[in-house]
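Coordinate inspection notes
The chain contents come next:
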Amino acid sequence: MDIFCKDLYYQYNKNTEFVSYALNGVSLTIKEGEFFGIIGHTGSGKSTFIQHLNGLIPVEQGILTVGDYDLSKTDVKKSKKEKKQLKDNLKNLRRSVGMVFQYPEYQLFAETVFDDVSFGIKNFMPNLSPEEVRILTKNAIETVGLDYEKIKDKSPFELSGGQKRRVAIAGVIASRPSILILDEPCAGLDPTGKTALWNLLHSLHERVIKTIIVVSHDMNDVASNCTSVAVFNRGKVIKTGTPKELFSDSAFISDCGLEVPVTAYLTENLKNVGIKIDSDYTINRFAESFANYLKNTEKADL
Amino acid sequence: MLKDVVFGQYYPAKSPVHRMDPRSKIVLLILYIVMIFIVKNFWGFLLTGGLLLATVFLSKVPLKSMLRSVKAIIFIILFTFIINIFFHKEDGAKILWDVWLIRNVTDKSLYYAIFMALRLLLLVLGSSILTLTTTPVSLTDGIESLLKPLSYIKFPVHELALIMSIALRFIPTLMEETERIIAAQKARGADFESGNLFKRAKALLPVLIPLITSAFRRAEELGDAMDARCYNGSKNRTKYKKLKFSLVDLFGTVLSLTVLAGVILCNLYLGATI
Ligand SMILES: Nc1ncnc2c1ncn2[C@@H]1O[C@H](COP(=O)(O)OP(=O)(O)OP(=O)(O)O)[C@@H](O)[C@H]1O
Ligand SMILES: [Mg+2]
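Residues numbered from 1 in each chain as written. Chains lettered and ligands numbered in written order. Predicted model: local features only at pLDDT ≥ 70, side-chain atom pairs only at ≥ 80, totals over all residues. Heavy atoms only, no water.

Here's the deal with the sheet that holds strand β10 (residues 236-241) of chain A
All names here are of chain A. Pairing is mixed in the open sheet, where 6 strands are placed in the order β6-β7-β8-β3-β9-β10. With partners counted over all chains shown, the strands left at the sheet margins are β6 (97-100) and β10, one partner each. Averaged over all neighbouring strand pairs, the angle between strand axes comes to 20°, with direction disregarded. Bridge analysis of β6 against strand β7 (residues 179-183) gives 4 bridges, and the strand direction is parallel. Each residue of the ladder has a partner; that of Met 99, found in β7, is Ile 181. Where helix α2 (residues 80-96) meets the sheet, it contacts β6 and β7, and its direction lies at approximately 65° from that of β6. Contacts from helix α6 (residues 161-173) reach β6 and β7 within the one sheet, and its direction differs from that of β6 by about 165°. (Pairing = 2+ DSSP bridges. Helix = DSSP H or I, 4+ residues; strand = E, 2+ residues; numbered from the N terminus. Axes fitted to C-alpha atoms, helices over the stretch in contact; angles between N-to-C directions. Contact = heavy atoms within 4.5 Å.)

Focus on the packing of helix α3 (residues 22-38) of chain B against helix α7 (residues 136-147) of chain B
Residue and element names in this part refer to chain B. Contact pair α3 / α7: the axes reach a minimum separation of 8 Å and the direction vectors enclose 75°. By the angle between their axes, α3 is roughly perpendicular relative to α7. Residues Pro 22, Arg 23, Ile 26 and Val 27 of α3 touch α7, and the partners they reach there are Ser 138, Leu 139, Gly 142, Ile 143, Ser 145 and Leu 146. Of the residues assigned to the contact of α3 with α7, the class counts are 6 nonpolar, 3 polar and 1 charged. (Parallel < 35°, antiparallel > 145°, perpendicular 65-115°, else oblique. Nonpolar A, V, L, I, M, F, W, Y, C, P; charged D, E, K, R; others polar.)

Considerations on a negative patch on the surface
Residue and element names in this part refer to chain B. On the surface, Glu 220, Glu 221, Asp 224 and Asp 227 cluster together into a negatively charged patch. With respect to the helices and strands, the residue Asp 227 is situated in helix α10 (residues 205-228). A relative accessible area of 58% places Asp 227 in the exposed class. (Patch = residues over 30% accessible without salt bridge, like charges linked within 9 Å, V, L, I, M, F, W, Y side chains within 5 Å. Areas by Shrake-Rupley, 256 points an atom, 1.4 Å probe, with all protein chains shown as cover. Salt bridge = Lys/Arg side-chain N within 4 Å of Asp/Glu carboxyl O. Lys, Arg positive; Asp, Glu negative; His and termini not counted. Charge placed at Lys NZ, Arg CZ, Asp CG, Glu CD. Buried < 20%, exposed > 50% of the residue type's maximum accessible area, 1.4 Å probe, protein only.)

Some details on the site of ligand 1
All names here are of chain A. In the vicinity of ligand 1 there are 15 residues, among which Gly 43, Lys 46, Ser 47, Thr 48 and His 217 approach most closely. Between Lys 46 and ligand 1, the recorded distance is 2.7 Å, taken from a side-chain N or O atom to an oxygen atom. The separation between an oxygen atom of ligand 1 and a polar side-chain atom of His 217 is 2.9 Å. For ligand 1, the protein covers 69% of the area, taking 620 Å² as the surface of the free molecule. Taken together, the elements giving at least two residues each to the shell around ligand 1 come down to β2 (20-30) and α1 (46-52). Looking at the shell around ligand 1, the element that brings in the most residues is α1, giving 3 residues. Per-class residue counts for the shell around ligand 1 are 2 nonpolar, 10 polar and 3 charged. (Near = heavy atom within 4 Å. Polar contact = N/O pair within 3.5 Å; in protein donor to acceptor, adjacent residues only side chain to side chain.)

Thoughts on the interface of chain A and chain B
Where interface size is quoted, it is often the accessible area lost as the parts come together. The interface is formed by 24 residues belonging to chain A together with 22 residues belonging to chain B. When chain A packs against chain B, close to 2,100 Å² is buried across both sides, 60% of that on carbon and sulfur atoms. If you sort the residues of chain A by the area they bury against chain B, A:Glu17, A:Tyr106 and A:Phe109 come out on top, with a joint share of 26%. Where chain A packs against chain B, one counts 1 salt bridge. Note that A:Asp116 and B:Arg188 form a salt bridge whose closest N and O atoms lie 3.1 Å from each other. Across the contact surface, chain A and chain B share 3 residue pairs in polar contact (both at pLDDT 80 or more). Elements represented by at least two residues in the side of chain A that touches chain B include exactly α2, α3 (113-124) and α6 of chain A. For the side of chain A that touches chain B, a count of residues per class yields 11 nonpolar, 8 polar and 5 charged. (Buried area = accessible area lost by both parts, 1.4 Å probe.)

Side note on the pairing of β7(A)
On any regular strand, side chains alternate: one points to one face of the sheet, the next to the other face. All names here are of chain A. Counting buried positions along β7 gives 5 out of 5 residues, so the element sits mostly inside the fold. With burial as the criterion, each face of β7 is covered, one bearing Ile 179, Ile 181 and Asp 183 and the other bearing Leu 180 and Leu 182. Inspection of the sheet shows β7 paired to strand β8 (residues 211-215) by 5 bridges, in the parallel sense. What sits directly across from Leu 182, in β8, is Val 214.

Thoughts on the packing of aromatic side chains
All chains considered together, the criterion is met by 14 aromatic pairs over all chains. Relative to A:Tyr293, the ring of A:Phe290 lies with its centre 6.3 Å away and its plane at 15°, an arrangement referred to as stacked. Of this pair, A:Phe290 and A:Tyr293 are both found in helix α12 (residues 283-301), 3 residues apart, which corresponds to roughly one turn of the helix. Its relative accessible area of 27% is what places A:Phe290 among the partly exposed residues. By relative accessible area, which is 25% here, A:Tyr293 ends up partly exposed. With a centroid separation of 6.5 Å and 20° between ring planes, the pair formed by B:Phe75 and B:Phe79 is classed as stacked. Linking B:Phe75 with B:Phe79, this pair stays in helix α5 (residues 63-87), spanning 4 residues, or about one helical turn. (Phe/Tyr/Trp six-rings, centres within 6.5 Å; stacked < 30°, edge-to-face > 60°.)

Looking at unusual backbone geometry
With a phi angle near 50°, A:Asp7 is a residue other than glycine that sits in the positive phi range. Looking at the element boundaries, A:Asp7 is found in strand β1 (residues 3-12). A positive phi angle, close to 65°, is found at B:Lys60, a residue other than glycine. Within the secondary structure layout, B:Lys60 lies in the loop between α4 (42-59) and α5.

Re the domain arrangement of chain A
All names here are of chain A. Domain boundaries assigned for chain A yield domain 1 (3-259) and domain 2 (261-302). Just the C-alpha atoms count here: the centres of domain 1 and domain 2 sit 35 Å apart. Summing the contributions of domain 1 and of domain 2, the shared interface buries around 780 Å²; its carbon and sulfur component is 55%. In this structure, the connection of domain 1 to domain 2 is made through 0 salt bridges. Across the contact surface, domain 1 and domain 2 share 2 residue pairs in polar contact (both at pLDDT 80 or more). In terms of residue count, the dominant contributor to the side of domain 1 that touches domain 2 is helix α8 (residues 219-225) (4 residues). Grouping the constituent residues of the side of domain 1 that touches domain 2 by class yields 4 nonpolar, 4 polar and 2 charged. (Domains from an automatic or database assignment.)

Right, here's the structure in full:
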């Protein structure tokens, strides 16, 4: 499922004195299979944008299609039957586009981890047998790296923060979405938890979920993990490209109220003292290139 | 959305009404309510309505915001209007309509119904002027200061005011949280709009439980933060913002008292019709 949107506008508290212009003409295409990063200063409209993608915020103005679903605003009055159809469509859309909000652990509610994770499955696929529900739930819990037998009957409230977040993510991926959207999934995690979460996302991307969209404030993570990045600024997408393309222009990035990743910073500083290193700003590639450079100079010295 | 439901939305502006001492605003509002209830003919409403309009004009609050607070209770106003028009009985009333569903409508009941609806309307508009021009914080400050005498009989005035201001402070936060949780559960396929009443109530569970746990979490955090700063409501606490009775307050008081006198004169000399 590709995502295509053009000139998307959205205002909160429309027609009141508290109006805030959240989206001011977002145009963006996200291809299937991408590990897509969304960056931008606070209040740039990232969260507002992603909530359009599964119809949580109805499109006010502009064009938006997600796969075969056309979410664009239509002014045509609808019959009851069409409305029902639309509602079913929306449900299917929400099944295909999984959304993990910021601090998803605060949305856990059920008595047991099993009930919480299977909540989405039961909503989206009410006709499944209990055994099928159990299999899907078990799969989801194990995919996020938790021990199904140990954890399934526990209360979600007695887990640690990191475990809660995994359970919450399991609850979203349980219904097998083909697009997974995460809003700052690493907020409040320790470095190990963070690395583990990125690894989890990569393994999901390789095995079950075609497209992953991540909103993140950590440029190092974005540079190391994403295949493509969009920069939001004041409710607009002002640039898209690979991390390499974006972060090589550090002046532009800081104009947007952001910082370049450490690797880009180092590359630029090294360039200033006459050492040219070519890398795509992932930590691994940077280290490789730098090692190569050192080897070459050693050879030259000999 | 949810936020529109909450009344007490403060409208920020620089105006004499905003500048007034919250205490005098509260007292004058009470005075205004008393006026509305002692008014006995439409001349009185003309005066109190004039006072209201003048205040709205001075406060720079747009009419749109005023009307929003009416929207919240328009149902109650309509309901009392309909009840009164059909069930108000008075001697010597002339029947206006008595056909089909519209039974027993007399000139007196129509008059009475309009009168009562107007009374409610003025009441709501007047009260919303207070909440629109006063921040919740200074409102509680005002209430605390007005209730101060009660602390001599060991009534926990300060604690009460603190509870009030904390509650007010957290209403928007919890509203936001509710919206977020609803969105998150919708994303997991929760359906709050279909099914019978029982089903819908059950569907709210995935919203209420996280909301309540988060309210507890916030309460705990706030308590810890206050403890960490050695907060206590002891006697010698000073205020960051001192309340002061100034010229605008004097002007407001004089104006209100004049209108009160006018209302009483109207009642005495222009005939009581209610
Ligand atoms: N529920 C809301 N009601 C009113 N205004 C809102 C609401 N949510 C967001 N806004 C406003 O819309 C704008 C965009 O907000 P949004 O949450 O999309 O930004 P963001 O890019 O996700 O920021 P952050 O990085 O801080 O999460 C901001 O100016 C914000 O104040
Ligand atoms: Mg956000």
